[in-house]
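Here's the letter readout for the chains.
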Amino acid sequence: MNEFELIARYFQRPAKRALLGVGDDCALLAPRPGMALAVSVDMLVEGRHFFADVDPEALGHKALAVNLSDLAAMGAQPAWCTLALALPRADADWLAAFARGFYALAEASGIELVGGDTTRGPLTISIQVAGEVPLGQPLLRSGAQPGDEVWVSGELGAAAAAVMVRQGQQLVLDASAMAHCAERLDRPTPRLELGQRLRGLATAALDLSDGLVGDLAHICERSSCGAVLDWSRIPRSPMLAGLPEPLQQQLALAGGDDYELCFTAPAARSARIRELAQALGLPLSCVGRIEVGSGVRVEDGRAQAVTLAQHGYDHFAA
Ligand SMILES: [Mg+2]
C-alpha cells in the first residue's frame with residue numbers, strides 16, 4: 001500500500017461543506033457570511049501523549065477530540081480539519097481502526113476531513129481544526145472580571161487517575177472505577193454544544209487539558225485578575241472517593257486530560273447557567289470566583305488554603 005492508496009482507502013470521503021476536499025493541492029473552504037474561522041492545531045506523539053499499546057480506535061477518537069475541545073472552548077461550531085500522520089509502517093488493521101474512531105467522532109460532530117499528509121516515522125498524529133463562530137461572539141480567555149463566578153462542566157480527576165495507574169502507580173480503584181477512569185482518558189467528550197450555548201453567557205472560557213488550577217491561571221493572566229477556588233465545590237469524580245484527600249486534590253485540581261470546559265460569568269447569570277445544565281443533561285458546577293489580583297488560590301470549605309504539589313503539566317519543565 002503506497003501513500004496515495006492509503007489516503008484513498010482510509011481518509012477520502014466525498015466533500016460536503018468544503019468547496020473542494022481531499023485530492024488537489026489544497027482544499028477550498030468558505031466560511032458562511034458573518035462567521036470568523038477559529039483555527040487550532042495539536043500534535044500527539046507516542047510515548048509523550050499516549051502509550052505505544054493504546055487501542056488505535058480510541059486514539060483516532062482522542063486525537064480529534066482534543067482538537068474539537070479547543071473549538072468548544074471558543075464557542076465555535078466544527079467545520080473542517082486536516083490530518084498529518086507519521087506511521088512506523090502502513091498496518092492495514094491499525095489504520096482501519098484509527099479511521100473508524102476518527103470518523104465516528106468526525107461525523108457525530110459535523111467536522112469534515114479536507115486534507116492531510118502521511119509519512120513514515122515514529123507514530124505522530126497532528127490534526128488542525130477549523131470551526132465557525134459568529135463575528136464578535138467567540139469565547140476568549142481575556143474577558144473575566146472580578147466578581148465573576150468560575151464554573152466547570154462535568155467531573156474532574158478520573159482521566160488523571162487512569163494516567164497514574166498506567167504509569168505503574170498503585171491506586172486503590174475497583175475494576176468498574178478503573179474502567180470509568182480509562183474511558184475518561186481514552187475517549188474524552190468535547191463539550192461542543194456547551195461551548196456554543198455559552199456565547200453571550202460566559203465572559204471567558206477555556207478547555208481543561210492540563211489541570212484546572214494551571215488552566216484557570218491562563219484565564220487570570222489574560223484577564224489581568226486572580227481567582228479563588230473552593231475545594232468543597234469541585235466536581236471531583238465519584239470514582240476517586242476511596243483515595244486519600246490530598247491525592248483527590250492533586251488529581252481533580254492539577255491532573256490533566258479532563259477536556260471539560262472552565263468558564264466565568266457574572267453571578268446574575270447563574271440561573272441561566274443552571275437552566276443550560278438541565279437542557280444539556282450535563283452538570284455545571286460553580287467552583288469559585290474571580291477576584292482582583294493575580295494567580296489561582298484554592299481554599300477548602302472552611303477558608304483554609306489547599307496546597308498542591310504540582311499545578312499543571314509543562315512539556316518543557318526540567
Ligand atoms: Mg485548549
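Look up a bit, the structure's there.
Rules used throughout
Residues numbered from 1 in each chain as written. Predicted model: local features only at pLDDT ≥ 70, side-chain atom pairs only at ≥ 80, totals over all residues. Heavy atoms only, no water. Helix = DSSP H or I, 4+ residues; strand = E, 2+ residues; numbered from the N terminus. Buried < 20%, exposed > 50% of the residue type's maximum accessible area, 1.4 Å probe, protein only. Contact = heavy atoms within 4.5 Å. Areas by Shrake-Rupley, 256 points an atom, 1.4 Å probe, with all protein chains shown as cover. Donors = N, O, S within 2.8 Å, 3.2 Å for Na, K, Ca; no water. Axes fitted to C-alpha atoms, helices over the stretch in contact; angles between N-to-C directions. Left-handed = near helix turned anticlockwise from the far one by under 90°. Nonpolar A, V, L, I, M, F, W, Y, C, P; charged D, E, K, R; others polar. Pairing = 2+ DSSP bridges. Phe/Tyr/Trp six-rings, centres within 6.5 Å; stacked < 30°, edge-to-face > 60°. 1 Å grid on protein atoms, 1.4 Å probe; cavity = no way out; pocket = protein on both sides within 12 Å on 5 of 7 lines; lining within 4 Å. Points joined across faces, edges and corners; volume = space filled by probe spheres on them.

Visitor: Can you walk me through the overall build of the protein chain in this structure?
Guide: Within the protein chain, the regular secondary structure consists of nine helices and 10 strands. Projecting the C-alpha coordinates of the protein chain onto the three principal axes gives extents of approximately 65 × 50 × 40 Å. The buried share of the protein chain, taken over its 318 residues, is 51%. Taking all contacts inside the protein chain whose residues are at least 6 apart in sequence as the whole, residues at least 24 apart take part in 85%. For the protein chain, the exposed area adds up to about 14,900 Å²; of that, 51% sits on carbon and sulfur atoms.

Visitor: What am I meant to see in the coordination of the magnesium ion here?
Guide: Around a metal, the perfect tetrahedron of four donors has angles of 109.5 degrees, and the perfect octahedron of six donors has angles of 90 or 180 degrees. Taken together, the protein ligands of the magnesium ion are Asp 70 (OD) and Asp 207 (OD), with distances of 2.0 to 2.1 Å. In this pair, Asp 70 is assigned in helix 2 (residues 56-74) and Asp 207 in strand 6 (residues 204-207), connecting sequence segments 137 residues apart. Classification of Asp 70 by relative accessible area gives partly exposed; the value is 23%. A relative accessible area of 5% places Asp 207 in the buried class.

Visitor: Teacher, can you tell me more about the packing of helix 2 against helix 3 (residues 92-109) here?
Guide: Packed helices, taken two at a time, are described by the angle their axes make and the gap between the axes. Following both chains from N to C, one finds helix 2 and helix 3 inclined at 35°, their axes separated by 6 Å at the closest point. For the element pair helix 2 and helix 3, the recorded crossing hand is right-handed. Residues Pro 56, Glu 57, Leu 59, Gly 60, His 61, Leu 64, Ala 65 and Leu 68 of helix 2 touch helix 3, and the partners they reach there are Trp 94, Ala 97, Phe 98, Arg 100, Gly 101, Phe 102, Leu 105, Ala 106 and Ser 109. Tallied by class, residues from the contact of helix 2 with helix 3 come to 11 nonpolar, four polar and two charged.

Visitor: Whenever I open this one, the sheet that holds strand 4 (residues 124-134) confuses me. Can you help?
Guide: Read from one edge to the other, the open sheet built from four strands follows the order 1-4-2-3, with strand pairing classed as mixed. On the outer flanks of this sheet lie strand 1 (35-45) and strand 3 (112-120), each paired with one strand and no other. Taking each pair of neighbouring strands and ignoring which way they run, the sheet shows an average axis angle of 15°. Pairing analysis gives nine bridges linking strand 2 (residues 77-87) to strand 4, with the strands arranged antiparallel. When the sheet's bridge partners are listed, Trp 80 is paired in strand 4 with Ala 130. Strands strand 2, strand 3 and strand 4 of the sheet are contacted by helix 3, whose axis makes an angle of about 170° with strand 2.

Visitor: Sorry if this is basic, but what is going on with the packing of aromatic side chains here?
Guide: We describe a pair of aromatic rings using the distance from one ring centre to the other and the angle between the two ring planes. This structure, assessed with the given rule, holds six aromatic pairs. Measuring from ring centre to ring centre gives 6.5 Å for Phe 98 and Phe 102, while their planes differ by 20°; the resulting arrangement is stacked. Taken together, the residues Phe 98 and Phe 102, both in helix 3 and four residues apart, mark about one turn of the helix. Owing to a relative accessible area of 0%, Phe 98 belongs among the buried residues under this scheme. Residue Phe 102 is classed as buried on the basis of its relative accessible area of 0%. One aromatic cluster is present, formed by Tyr 10, Phe 11, Trp 94, Phe 98, Phe 102 and Tyr 103 through successive ring pairs.

Visitor: What is the right way to read the layout of surface pockets from this model?
Guide: If a probe as big as a water molecule is rolled over the atoms, it shows which places are left empty. Taken as a whole, the second largest pocket encloses approximately 350 Å³ of empty space. Of all elements in the fold, only helix 1 (3-10), strand 2 and strand 3 reach the threshold of two or more residues within the lining of the second largest pocket. Here the lining of the second largest pocket takes six residues from strand 3, the largest share from any one element. Tallied by class, residues from the lining of the second largest pocket come to 11 nonpolar, five polar and four charged.

Visitor: Can you help me understand the sheet that holds strand 6 in this one?
Guide: Sheets are built from strands paired through backbone hydrogen bonds, the pairs being either parallel or antiparallel. Taking strand neighbours across the sheet as the criterion, the six strands line up as 6-8-5-9-7-10 in an open arrangement whose pairing is mixed. Looking at strand neighbours, the two that pair on one side only are strand 6 and strand 10 (295-299), the edges of this open sheet. Across this sheet, the average inter-strand angle for adjacent strands is 25°, counted without regard to direction.

Visitor: Please clarify how the side chain of His 61 should be interpreted in this entry.
Guide: Topologically, His 61 is positioned in helix 2. Ignoring sequence-local partners within four residues, the contact set of His 61 consists of Gly 101, Phe 102, Leu 105, Asp 186, Arg 187 and Pro 188.

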